[in-house]
Every structure is written in structure tokens, then in C-alpha cells.
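Given next are the chains, with one letter for each unit.
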Amino acid sequence: MSDSGPVRSTLRWLEERTGLGDAAGLVLEHPVPRSTASWWYVFGSATLALFVLQIATGICLALVYVPSADGAYQSLLYLNFQAPFGWFLRAVHFWGSNAMVAIMTLHMIQVFLFGAHKYPRELTWIVGVFLFLCTLGMAFTGQILRWDQDAYWGLGIGASIASRAPGVGDTLVQLLLGGPIIAGRTLSRFFAVHVFLVPGILIGMIGLHLWLVLRIGINEWPMPGRVVNRETYRRKYDDEVHKDGVAFFPHAARKDMVACGIVVIAVVLCAVLFGPFGPHGVPDPTLIDTAPKPDFYFLALYALFALLPPWTETVVILVGPLVAIGALFLVPFLAGTGEKSWTRRPVSVLVVVVIVLTVATLAGLGVTVPWSPKMEAWTAAATPVRYVKGRTPLELQGALVLQNKQCRACHSLGGEGGKRGPALDGIATRQTRDQLIRQVLQGGGNMPAYGKNLSPAEVNALVAFMATLRP
Amino acid sequence: MTPVSQSRRGFLFKLGLGLNVLGAALVGVPVVGYIFGAARRRTDGQAWIPLGPVNGFPAGQTRLATYENPVRVAWDGATAKVACWVRRIEGERFQVFAVNCAHLGCPVRWFPQSRLFMCPCHGGAYYEDGSRASGPPPRGLFEYEYRINDGALWVRGGQLPTLSRPV
């Protein structure tokens, strides 16, 4: 193309007036330490790519979505089944949100293990924590916009948590719901928060985050023994960048570009293979045969609420998040200098491992929900043949009582049934007849008392049956 | 530069600042009122609501009843509906429970066979009189105030029952 071609001359005309080309060149070609042109440094860019994808698909969805309690569900079905590519956009937005939370978490773990939160990048970390919280906020509010049964009862859980705040609980509930119940005004305000408020904050914060990365420079690859010292760090870093730096574009950006491409294609693949998520069940509060569950990012919390001892619950629910968020903000001030390399920071590595294992274990429990009664077990689960064979009529009557009184909602037999209480296989080897009678009548140890709900004849039969349950 | 123009410039600067603060306040105060207005109740939000004829609730049984929330907007759709469990003990003695579990608000289900309410979320269980049987709930089910008028059962409702503001 010649210098006088129409494209060139238009670009020159624009550049003369905006100067953006020069500015972009400075940003793109800023020198970075050679060691940072690494696959470990791609998660931030990948998160940003996913954010752009979320904005693009989100705007498209908003073209059709109706943010009204009486129309939202229908508009989601319309998107799924009628709007051309509506299903695809919903699927990409859903899988993109999952990927964004996941890769942002990887980014956070990576920068922490590489000591990037230390001097002089404390503020970059703090802004990053805000970005993390805002993204989780987007995840929660987005789940509400799905306006199905999970959204409705998820709001109920949110309101119940808010109501536990001493003194201001009721006010918080009203602010959250926009009124006295979960209804039209609730959805409208979650729409505004999800579509205007939090994305606006996110865009501003991402700008600040990137500005800080440019101004202070990307964290160099941490070398064991290279200790961060407030007096000397900036000079050493500048020396390294000048002596052995490379231009960010294209030397480091190549890997970022590959990573961004991979995550976007992976999201599209998931979207095409698995399709859009929900909506599940019309948001009619009178349809109560539902077992609401949050999306995966909140499964760990959901599990925690079931497993905490009740007396600790209010304190943990209200104070726990404040402590956790406060700790994240304090990280750069508690350990702002010193060793950066994970090989010299055993406590940091241990903290990451413990947190990841805890969250993963809780989330895993959140999938299987062992604490929830299996509501259909009493009609759907068969009594194993070996527990019926050769039993007396009284014992068989007891097997029926066990089934009809829904004992199996919480107790399993032959692996089928609830996991809330102990399995009843082999119960006869652990409890005597008298102990069984006491437990059935008075309950205790997290079991309701059945004294008022069973006739003496029923108790007699039930215990006779259980006394035959041996391995 | 004379002192006169200095003071005039100073005055203009302060005037500009003052006018903008005033403008911000004129817009900001109603905005704050608008946002927090949702948290203020004009009334206590409670009203008497009919659940249907008393005959619809056989003695000794617990049945699901539904009503439309008295405080509502036109675009609430199905979410204006509220469900509650009505237990007719005998004659004119009733207990009306909110479906919301006292733990974290999930809908509890009634099982007449074991005479228990069970919650699908975190495994809370309640006896037929609404008292806590087991699991994480810190109290029994939320119970509505009720009365019988012209052969119909009425309850006082209008808000999501929570620990800080039971029905």
C-alpha cells in the first residue's frame, strides 16, 4: 500500500487529531522484564478477555431480556427457543461467567504465590480484591436475573442472611428486596445493579488496575533470595527492565493472545456442547416442591451454612465475610516486603493449599448435599431383599413403618436413602432394643422425636425390624 | 493585578463551588431518599388476607394455602403469590405457618406420614406444631396471626418472614 493510499491518509488524518496511535504504541511497547513473558502471566489478560466477552454478550441479551417479574421468565424461554442464536448468547454469557470467576481466581492465586502483592504493588492487589468482589457480585446478581425458582429462593436465602444483622436486619432486607417481599421491585433493582452499577465500577477499577500495572511495571519472575526492600526495589527493577527488558508487544503479548483465544474458544465450545443454563422452574412461590441450589461459585458457602453448628451460625455468617475480605485487603501490609518466591514462603503456600482444599471440599459437599433429606426415598427406594427374606410378619410390618414414616429421608438402607442420619444397615450391632426404642421415641442427636407420631404397635414393629439389621 | 480583581476571582471561585455543592445536594438528597425509601415503611405493611372457607381445611390435617400479597405492584406476576401451611387442630383452633424455613428461608414441605415439615436446603425439620425438631434452624416455623370471619380463615401477612421480622 502506498503512502498516499486512502486508508493511510485517513489514519494519518485521525492520528494528527487524536494522537491515540502514539499513545497506544507507548502502552503496547512498554518494556517489561524478559522473565514475565511466561505462560504463568496470562491469567490477567484472559480474565479481561472474558470480561469483554461478558459485556458484549450481556448487551446482546439485554436487547431481548425483559427485566420485569411478570415477563423475565418468558423472555428467557424466548431467548432459548425462538430468538435466532439467543440460546447461544445465553450459553456463552453463562459459561463465560463461570470461566471468568475460575480464571480470575487462578490469576489471584498466581500473583499471590509470585509475591506480586508486595511493595510497590500493594494498591494493585487491593484494586484486584475489589475486582474479585465485584465479579462475585456480578455472579450473584446474574443468577437472580435468571428469575427461576433457584433465583427466587436464592433471594430468600440472601434476605434471611441479611435479616440476621443485629439492629439493621429488617432495613437491609427491605433494601435488598426493594419491598416487603421478593417480587417485581426486587428484580428491577437487581437488573440495575447487574447491568449498570457493578459493570460501571468494574470498568473504572479495571482501568485503574491496568494503569497501576503500567506505571509500576509488571511483577518480575520471583527469584529465591531476591528480597524486596523498599529502598532498593524500584531502582533494581528499573535497571533490570532497561538492561534485559523486552517490549510487551509482541514479546510478552504473544502468550497472552494465545491464552485469550483459548479461553474464548473454550467458552464457545462449552456453550455449544452444553447449551444455556436454565431457567429452571417458573418463579411461582406457591410451587414449593423445589430444592433451590446456587451456581457453583456459591456452593461452598451453601455447604457451610448446612454444616456450621447452629449457635455459631449468625456470627460466622455476618463476621466471616468481613474477616475474609479484611484479610485479603491486609495481605500486602502484613507481608509487603521480603521474599517473593513461593519456594521461600511455606506459610503462604500452605494458606493457599488449605483455602483451595476447604473451598473445593465444601463445594463438593454442596453438589451431593448429604445433609438434605432425600424427600422421595420413602416411595422410591426399594427395601433390600436380604432385609426382607425370612422375617416374621411383625418384622415385615416394621419394615413398612420404616418406609411409610419416611425414616429413609435421612437414613439409608443398602446405600439408598438420605445421608443426614447414620445408615441403618447393621444398626442392630450398634444399639440394643431399648436404645432403639429410646432413640425413636425421644429423638436427639439431630433426630426428631417420633413419640407422638407412632403408635406403640408401630414402635414395637419398627424396633423388631431394626433389631434384625445386621451385616 | 489589583486586590479588587483578586477578591472578585476568589468570590467567583467560591460562588462556583457553592453553587455546585448546592446543586449536588438538591439532586443528592432526593436520590438518597429514593434509594432508601424502599427500606421505609409507610404503614407496617401488614394486612388481613382471606385464605378461603374454614371448611376447606379438614380438622387434624395440614394443607398448603396460597394468597396474593397485599403490598404489590402490577408487574409482580406470579411472585406476588405467597404460600403458607394451614394446620387445623380442631374446630376453630388453627396454626398457620410461613413456608419459609427459619434457617435461611427455603420452602419447607409437609409430610403427613411422619408428621414433620422438612426443608430441602440444609435439612431443617419441624414438628407438626411448627416447633423445631432438628437441623440448623434457630427457632420453630414462623407463625401467622389468624382469625375467623364469616366462615373464612384470615391471616395477617404482607412481608417475607425473617428472623429480624417474623410474620
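Preceding this section is the structure that the text describes.
In what follows, the accompanying structure is described. Quantities reported herein were computed from a predicted structural model and do not represent experimental measurements.

Some remarks on the sheet that holds strand 6 (residues 116–118) of chain B
All names here are of chain B. Pairing is antiparallel across the open sheet formed by four strands, whose spatial order is 5-6-7-8. The outermost strands of the open sheet, each flanked by one partner alone, are strand 5 (109–111) and strand 8 (132–134). Each neighbouring strand pair of the sheet contributes to a mean axis angle of 35 degrees, computed without reference to strand direction. In terms of strand pairing, strand 6 meets strand 7 (residues 125–127) through three bridges, oriented antiparallel. Each bridged residue has a counterpart across the sheet, and for Phe117 the counterpart in strand 7 is Tyr126.

Some remarks on the state of the cysteines
Scanning the entire structure with this criterion turns up one disulfide over all chains. Paired by a disulfide, Cys106(B) and Cys121(B) hold their sulfur atoms 2.0 Å apart. Taking the torsion about the S-S bond as the criterion, the Cys106(B) to Cys121(B) disulfide, at about -80 degrees, is left-handed. Of this pair, Cys106(B) sits in the loop between strand 4 (93–98) and strand 5 while Cys121(B) sits in the loop between strand 6 and strand 7, and the two are 15 residues apart along the sequence. A single burial state applies to Cys106(B) and to Cys121(B), both of which are buried. With no disulfide of its own, Cys60(A) lies 20 Å from the sulfur of Cys270(A), the closest cysteine sulfur. For the unlinked cysteine Cys260(A), the closest cysteine sulfur is that of Cys270(A), found at 17 Å. Take Cys260(A): its relative accessible area is 19%, and that puts it in the buried class.

Focus: the packing of aromatic side chains
Per the counting criterion, the structure on display carries 27 aromatic pairs over all chains. Judged by centre distance (5.7 Å) and plane angle (80 degrees), the rings of Trp87(A) and Phe88(A) are edge-to-face. A residue is classified by how much of its surface remains accessible, and Phe88(A), at 23% relative accessible area, is partly exposed. A ring pair is formed by Phe94(A) and Trp95(A), whose centres lie 5.1 Å apart and whose planes are at 80 degrees; its orientation type is edge-to-face. For Phe94(A), a relative accessible area of 12% translates into the label buried. An aromatic cluster is built from Trp40(A), Tyr41(A), Phe114(A), Trp221(A) and Trp342(A), whose rings are joined through pairwise contacts. Sitting over the ring of Tyr127(B), Lys452(A) keeps its end group 6.0 Å from the ring centre. The ring of Trp48(B) carries Arg147(B) above its face, with NZ or CZ at 4.2 Å from the centroid.

Conventions and cut-offs
- Residues numbered from 1 in each chain as written.
- Chains lettered and ligands numbered in written order.
- Predicted model: local features only at pLDDT ≥ 70, side-chain atom pairs only at ≥ 80, totals over all residues.
- Heavy atoms only, no water.
- Pairing = 2+ DSSP bridges.
- Helix = DSSP H or I, 4+ residues; strand = E, 2+ residues; numbered from the N terminus.
- Axes fitted to C-alpha atoms, helices over the stretch in contact; angles between N-to-C directions.
- Disulfide = S-S within 2.5 Å.
- Buried < 20%, exposed > 50% of the residue type's maximum accessible area, 1.4 Å probe, protein only.
- Phe/Tyr/Trp six-rings, centres within 6.5 Å; stacked < 30°, edge-to-face > 60°.
- Lys NZ or Arg CZ within 6 Å of the ring centre and 35° of its normal.

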